[in-house]
Amino acid sequence: MERKAADNLGVLLRSYEALYNWRALLMLAGSFAVAGLAIIGASDMAMGGGGRMAVAMLLGLVALVVAVMGVNGSGLMLADQAYDRPIQPFVSAFFGGLRVTLSAIGVLVLLGLGYALVFLVVFLLALLARIPGIGGVFAFLLAGPSVLVLSLTMAVLLLAAPLALAALWHGDGMTAALTRAVTIVVKRPLDVFMRFLVLGLIVMPAAFFLFAMVGMGDMSVAGMYLVDALRSMGGNFQGGMGGGPYGGMGPMASLFGSLMGRGLGAAGVSTALVWYLAIAVVGLIHMLGVILIYGSVSDGIGLDGFEAMARQAARIKARMDEHKPTSDGPGGPSF
């Protein structure tokens, strides 16, 4: 990604180029589909109750892991596309998504701990307002700045998380990605916010159009299969309302079970896969937009402080290694 082009807000229109990356689209849509099918299976297991609940929870966990790995794997491919690098193979990107997922969890935990620490400090300072006599002075001096500090901290929490994720997709480590993302938001909070706002305005029309078209098609097709299912039941339904596995649950449950048994449930699963594809298309556009935002706002943002600390730590370690006692001393080798 060229920096001059990246500084222009119009570069966010390139977000739609994500649809040309068929590998990333296939990975994201496939992971959503697998996760969705696992969730459907988990729901059926949970309705069964008993020992199936543990299996349902396991399927839900599998769905979450597959979806998150698919998102991060496709993010790695989109980063290759945005920075004009050779797009990595499908399998490598998918399992690379596991590494990014672990780093992303670490980033989110650190951001949450940072916000909790700032909130705790603000709360402790607010206790000074309870001091009799001079409490009002502390309240006047601390309340306003506390609002600003918490506002900036919330902005860092909300805006730095996607930027850190984009940095991880770019290839940075967890510490470097977190440090760079926080530095960007602290130095350019309004710039970052406006770019995310523009990205939302760019993605929103595509999402509205795509979801509206799929929704109307879904309702039409569902009506067709519903009519066919009701027609195939014929007059047998009225005679069987009181019996069968759903008879004790009432006529509506009996009707629902009969319809599911006549293909309506399979049709619902099939149309759900189309919805997962639509969600993947919109998500892919937004993900490439986040990568483009990171590429534009990270220009000129270095990690001087982080690199200085790393160099200092390396020097300290080297000095410790120099003074480390060797195994061969005046008394001879030690065993």
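For the structure, see preceding data.
A short tour of the structure in this document, coming up.

Cut-offs applied
Residues numbered from 1 in each chain as written. Predicted model: local features only at pLDDT ≥ 70, side-chain atom pairs only at ≥ 80, totals over all residues. Heavy atoms only, no water. Core = buried A, V, L, I, M, F, W, Y, C linked by side-chain atoms within 4.5 Å. Buried < 20%, exposed > 50% of the residue type's maximum accessible area, 1.4 Å probe, protein only. Helix = DSSP H or I, 4+ residues; strand = E, 2+ residues; numbered from the N terminus. Polar contact = N/O pair within 3.5 Å; in protein donor to acceptor, adjacent residues only side chain to side chain. Contact = heavy atoms within 4.5 Å. 1 Å grid on protein atoms, 1.4 Å probe; cavity = no way out; pocket = protein on both sides within 12 Å on 5 of 7 lines; lining within 4 Å. Points joined across faces, edges and corners; volume = space filled by probe spheres on them. Nonpolar A, V, L, I, M, F, W, Y, C, P; charged D, E, K, R; others polar. Patch = residues over 30% accessible without salt bridge, like charges linked within 9 Å, V, L, I, M, F, W, Y side chains within 5 Å. Areas by Shrake-Rupley, 256 points an atom, 1.4 Å probe, with all protein chains shown as cover. Salt bridge = Lys/Arg side-chain N within 4 Å of Asp/Glu carboxyl O. Phe/Tyr/Trp six-rings, centres within 6.5 Å; stacked < 30°, edge-to-face > 60°. Axes fitted to C-alpha atoms, helices over the stretch in contact; angles between N-to-C directions. Parallel < 35°, antiparallel > 145°, perpendicular 65-115°, else oblique.

Thoughts on the nonpolar core
The tendency in soluble globular proteins is for nonpolar side chains to be buried side by side.
Move 1: Among the nonpolar cores identified, the biggest contains 52 residues, and L78, L163 and I291 are the most heavily contacted of them.
Move 2: Mapped onto this core, the elements with two or more residues apiece are α2 (22-48), α3 (52-82), α4 (90-126), α5 (135-170), α6 (174-187), α7 (189-233) and α9 (251-297).
Move 3: Among the elements that take part in this core, α9 stands out by supplying 13 residues, more than any other.

Focus: the side chain of Q81
Move 1: In this structure, Q81 sits in helix α3.
Move 2: Within the local environment of Q81, its side chain forms a polar contact with the backbone oxygen of E17, the two atoms lying 2.9 Å apart.
Move 3: At 3.1 Å, the side chain of Q81 and the side chain of N21 are in polar contact.
Move 4: Excluding residues within four positions of it along the chain, Q81 makes contact with R14, E17, A18, N21, I87 and L288.

Focus: the layout of surface pockets
Move 1: Within this model, the second largest pocket holds a volume of roughly 250 Å³.
Move 2: Considering the residues around the second largest pocket, the lining is formed by 13 residues, among which N72, A104, I105, L108 and L165 are closest to the centre.
Move 3: When the residues that make up the lining of the second largest pocket are grouped by side-chain class, the tally is 11 nonpolar, two polar and no charged.

Quick look at a nonpolar patch on the surface
Move 1: A surface patch of nonpolar side chains, amounting to about 640 Å² of accessible area, comprises L117, F119, L120, V121, F123, L124 and L125.
Move 2: Inspection of the secondary structure puts F119 in helix α4.

Some words on the packing of aromatic side chains
Move 1: Tallying each qualifying case throughout the model produces three aromatic pairs.
Move 2: Between F94 and F95 the ring centres are 5.6 Å apart and the planes differ by 85°, which places this aromatic pair in the edge-to-face class.

Here's the deal with the pattern of salt bridges
Move 1: In the structure shown here, the tally under the stated rule is four salt bridges.
Move 2: The salt bridge partner of D80 is R85, with a shortest N-O separation of 3.0 Å.
Move 3: On the basis of relative accessibility, which here comes to 30%, the residue R85 falls in the partly exposed class.
Move 4: In this structure, the salt-bridge partner of D191 is R195, at a minimum N-O distance of 3.0 Å. With D191 and R195 both in helix α7 and four residues apart, this pair spans about one turn of that helix.
Move 5: R195 gets classed as buried once you look at its relative accessible area, which sits at 9%.

Topic: the packing of α4 against α5
Move 1: Orientation of α4 relative to α5, taken along the N-to-C sense of each, is 175°, at an axis distance of 10 Å. By the angle between their axes, α4 is roughly antiparallel relative to α5.
Move 2: Considered class by class, the residues forming the contact of α4 with α5 number 22 nonpolar, four polar and no charged.

Focus on the environment of L108
Move 1: Within the fold, L108 resides in helix α4.
Move 2: Sequence separation of L108 and L178 is 70 residues, and the distance between their C-alpha atoms is 9.1 Å.

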